[in-house]
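# Survey of secondary and tertiary structure
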Amino acid sequence: MEIFYTRKALGEYLQKIRERKLSVGLVPTMGALHQGHLSLIKRARETSDVVVCSIFVNPTQFNDKRDLENYPRPIDSDIKMLESTDCEVLFIPAVEEMYVPGEEWHIDLGGLEHLLEGRIRPGHYQGVTQIVKKLLDATNPDQAFFGQKDYQQFLIISLMVKKLNIPVQLVLCPIVREPSGLAMSSRNVHLSELEKRQALALFQSLTKFKEGFEMNDIELLRNTIVQDLNNSEGIKLEYFEIADAETLHAVDNKDAKHIIALSAAKVGKIRIIDNMIIK
Ligand code: AMP
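Computed from a predicted structure; not experimentally measured.

### Focus: the pattern of salt bridges
Counted by the stated rule, this structure contains 13 salt bridges. When salt bridges that share partners are traced, they join E117, E238 and R271 into one network.

As structure tokens, this is what we get:
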């Protein structure tokens with residue numbers, strides 16, 4: 001696996017790849033890799049000749065300084081993990097490589113930016129689009145791969161790619177879960193065994209909603225589940241919403257073509273998110 005620390009070195013290497021008419025797939029991550037990330041790399045390998053994984057803990061998307069400081073950064077084990085996959089290129093830039101001090105960025109993302117995650121984490125999606133644009137510029141990939149785990153992020157990046165006319169195909173990959181059902185996440189390393197069991201309430205609630213969807217009124221079922229989550233030991237619920245999967249606007253009837261349930265909560269000090277396609 002080739003490792004690059006600068007955009008210039010990465011660009012020169014990928015230029016040669018392109019001259020050989022090989023396609024490039026990008027998998028952007030913040031590291032602390034787990035099977036969810038590896039599934040993206042595996043998926044990328046199916047349709048791209050060369051897979052580039054980036055590891056960059058992007059400061060501009062964190063609105064909580066403590067969360068940024070505590071974000072796990074096990075770079076040596078990440079490299080080992082990647083070496084066991086089909087990833088050909090790893091890009092690990094330093095913050096100074098990606099940003100000049102005082103740099104500004106803003107893109108109009110419409111209402112999508114302020115819903116759900118955006119409401120709880122103001123500015124988060126400006127930071128996400130800022131770094132993803134830079135990574136797309138540095139890599140110029142044919143395809144870029146993202147997890148359904150961050151479903152709203154995928155919609156936001158799709159919107160940016162459309163608005164800025166970026167010639168890349170975005171691919172959404174399914175959520176990888178622990179055998180228990182808990183969605184894998186880099187932040188899970190901070191959960192105790194008890195908290196991991198408590199965190200399962202999110203997955204169980206999404207499953208309960210999906211199973212009850214056909215037979216029940218959306219709002220009644222959602223209210224029962226919200227009540228259960230509010231009474232659930234160790235869970236501080238932030239939202240449990242049923243939304244149109246294209247706009248993320250809340251739905252209270254079953255007419256929308258695609259419906260998704262999304263939830264976020266704090267378990268102890270750790271924030272977890274999960275979602276499930278309902279229809
Ligand atoms: P992160 O390192 O958390 O920024 O995630 C990098 C990419 O991996 C994003 O596209 C995530 O949606 C995706 N990802 C994170 N966790 C999972 C998971 N459990 N299953 C599938 N994809 C995931």
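### Side note on helix α7 (residues 124-139)
Taking 1.5 Å per residue, 16 residues should reach 22 Å; α7 reaches 23 Å between its end C-alpha atoms and fits that length. Taking burial as the measure, the 16 residues of α7 include 15 buried ones, the bulk of the element. N140 sits one or two positions beyond α7 and adopts a positive phi of about 50 degrees.

### Here we look at the side chain of H34
Along the polypeptide, H34 turns up in the loop between β2 (24-29) and α2 (35-47). Side-chain polar atoms of H34 contact the backbone nitrogen of G36, separated by 2.9 Å. Ignoring any residue separated from it by four or fewer positions in sequence, one finds H34 in contact with M81, M184, S185 and S186.

### Re the sheet that holds strand β1 (residues 2-4)
Strand order in the open sheet formed by six strands is β1-β4-β3-β2-β5-β6, and the pairing between neighbours is parallel. Since the sheet does not close on itself, it has two edges, and those belong to β1 and β6 (169-173), each with one partner. This sheet shows a mean twist of 25 degrees between the axes of neighbouring strands, independent of strand direction. Pairing analysis gives six bridges linking β2 to strand β3 (residues 50-55), with the strands arranged parallel. Within the sheet, the bridge partner assigned to G25 lies in β3 and is V51. Relative to strand β5 (residues 143-147), α2 is tilted by about 150 degrees, and along the sheet it contacts β2, β3, β5 and β6. Running over the sheet, helix α8 (residues 151-163) touches β5 and β6 and is turned about 170 degrees from β6.

### A short note on the nonpolar core
Among the nonpolar cores identified, the biggest contains 44 residues, and L10, V132, L136, L170, L248 and L262 are the most heavily contacted of them. Discounting chain neighbours no more than four positions away, the residues touching L262 are L116, Y151, L206, Y239, F240, E241, A243, L248, D274 and N275. Formed by 29 residues, the second largest nonpolar core is a distinct cluster that contains L182, L229, V251 and I278.

Rules used in this analysis
- Residues numbered from 1 in each chain as written.
- Predicted model: local features only at pLDDT ≥ 70, side-chain atom pairs only at ≥ 80, totals over all residues.
- Heavy atoms only, no water.
- Salt bridge = Lys/Arg side-chain N within 4 Å of Asp/Glu carboxyl O.
- Helix = DSSP H or I, 4+ residues; strand = E, 2+ residues; numbered from the N terminus.
- Expected span 1.5 Å × (residues − 1).
- Buried < 20%, exposed > 50% of the residue type's maximum accessible area, 1.4 Å probe, protein only.
- Polar contact = N/O pair within 3.5 Å; in protein donor to acceptor, adjacent residues only side chain to side chain.
- Contact = heavy atoms within 4.5 Å.
- Pairing = 2+ DSSP bridges.
- Axes fitted to C-alpha atoms, helices over the stretch in contact; angles between N-to-C directions.
- Core = buried A, V, L, I, M, F, W, Y, C linked by side-chain atoms within 4.5 Å.

No statement about biological role is implied by the geometric values presented.
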